[in-house]
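Structural description and commentary
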Amino acid sequence: MFVGGFATFAMVYGPQPLLPLLADEFGIGAASASLTVSAAAAGLALMLIPGSVLADRIGRRQVMMVALGIAAVLACATAIAPDFGSLLVLRTLLGAVIAGLPAAAMAYIGEEIAPNAQARAMGLYIAGNALGGMSGRFIAALITDWSSWRVALAVIGVLGLASAVLFWRRLPPSHHFQPRAATPARILRDALAIYRDPGLPALFLVAFLAMGAFVGLYNFLGFRLLEAPYLLGQTAIGAIFLLYLVGTWASTLSARLADRHGRHKVLWIMVVVMGLGLALTLARPLALIIAGVGVFTFGFFAAHALASGWVGKRAGERRALGSALYLSSYYLGASVIGTVAGTAWGAGHWPGLALLLGACVLATGAVALYLRRLPT
């Protein structure tokens, strides 16, 4: 599952540091270039619920294996896209197909891992997401400095294929999966039950706002650091994504804190950490900007690991659909806020972007405080 999470984030977010290059290559603005990431996130958001329904019907393992394999082939194809429109189509398809893995992953962990180990297992899966996102971005930036963005995307695709082979060979069969009829009436009943829960819709909102702020920050960080007075190269910008290692640590640490103190007591603190990191990025010295991004990354991955694990606990037997709705909100936030952030960047550069992202973090904190008052 760590490998599956690694490959998902590497393929979806690998092109992120290349956005300034794509803007120059195709003669488009920063907001349009950000669609390269937003298109994949939108495909993910739209197909997570169908993916969870399919996983309920035919099995978690089968859906995850097929999704990862096809997505890796599409990732390879993006390297030969003849124009920006074709690139967006391939990226949207990649997101739609890879949705099968995260749609089933949380339910698979919930069914196959002992209850007292689920928080740690979910933390490890989220850590794979963090490491994959970091590696995909860093590798893409590094190879682009040596060759071109097309070669970089091809390498990301090959990395996805290698991950798919390892995933197919090593993922254990499901022993506790029980098929459920995927009728519209049953899906509607489950969805209504989920939205009647006092906590689950709030957790979906946390996913939308926090992920939107996170992607918005990283989408336009490269644009800022390419400009004066920083004038960083692609490899240097890509190296900043090594801060995802902080996210890997945060995911596992938050799981231990949740086991000790409860998710409701830790989540709002991690949102405060995000806000402190964002404030630091307003400084001019490069060292403070990087420190701020690191603090923000820590808070985000900790909050995401806490919220996603909480969804599985609250949703019970509806955990597959609950997880899909959570992740739909998560990737919808990446697509919507990540694109709107381009307008904020164009209007006010980094201070304008920070204002938008700060509003998202404040709203996330308000929701986290509401969740703190709910019975566990």
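Above this note sits the structure.
The paragraphs below set out a description of the structure included in this document. Just so we're clear, the structure is a prediction, and the values are computed from it rather than from any experiment. (Residues numbered from 1 in each chain as written. Predicted model: local features only at pLDDT ≥ 70, side-chain atom pairs only at ≥ 80, totals over all residues. Heavy atoms only, no water.)

A look at the overall build of the protein chain
- Helix and strand counts for the protein chain stand at 16 helices and zero strands.
- Relative to its length of 376 residues, the protein chain is compact, with a C-alpha radius of gyration of 19 Å against a globular reference of 21 Å.
- Projecting the C-alpha coordinates of the protein chain onto the three principal axes gives extents of approximately 55 × 45 × 30 Å.
- Buried positions account for 59% of the 376 residues belonging to the protein chain.
- The long-range share in the protein chain, meaning contacts at least 24 apart out of those at least 6 apart in sequence, stands at 83%.
- Carbon and sulfur atoms form 69% of the exposed surface of the protein chain, whose accessible area is close to 14000 Å².
- Averaged over its 25 positive side-chain charges, the protein chain has a centre that lies 10 Å from the centre of its 12 negative ones. (Helix = DSSP H or I, 4+ residues; strand = E, 2+ residues; numbered from the N terminus. Rg over C-alpha atoms; globule rule 2.2 N^0.38 Å. Buried < 20%, exposed > 50% of the residue type's maximum accessible area, 1.4 Å probe, protein only. Contact = heavy atoms within 4.5 Å. Areas by Shrake-Rupley, 256 points an atom, 1.4 Å probe, with all protein chains shown as cover. Lys, Arg positive; Asp, Glu negative; His and termini not counted. Charge placed at Lys NZ, Arg CZ, Asp CG, Glu CD.)

Observations concerning the nonpolar core
- If you look at the biggest cluster of nonpolar residues, it comprises 128 residues, and the most contacted ones within it are Met11, Tyr13, Met211, Phe214, Tyr218, Tyr331 and Leu371.
- Considering every element that reaches this core, the biggest residue donor is helix α16 (residues 319-372), with 20 residues.
- Excluding residues within four positions of it along the chain, Tyr218 makes contact with Gln16, Phe241, Leu243, Tyr244, Val293 and Thr297. (Core = buried A, V, L, I, M, F, W, Y, C linked by side-chain atoms within 4.5 Å.)

What about the pattern of salt bridges?
- Per the counting criterion, the structure on display carries four salt bridges.
- Between Asp197 and Arg314 there is a salt bridge whose closest N-O contact spans 2.9 Å. With Asp197 in the loop between α10 (184-196) and α11 (200-226) and Arg314 in helix α15 (residues 286-315), the pair connects residues that are 117 residues apart, well separated along the chain.
- The network of salt bridges with shared partners includes Asp56, Arg60 and Glu111. (Salt bridge = Lys/Arg side-chain N within 4 Å of Asp/Glu carboxyl O.)

Things to note about the environment of Phe167
- By the secondary structure assignment, Phe167 is in helix α9 (residues 149-170).
- Taking the C-alpha atoms as reference, Phe167 lies 8.5 Å from Leu68; in sequence the two are 99 residues apart.
- Look past the residues within four positions of Phe167 in its chain and what remains in contact with it is Met1, Gly4, Met64, Met65, Leu68 and Leu101.

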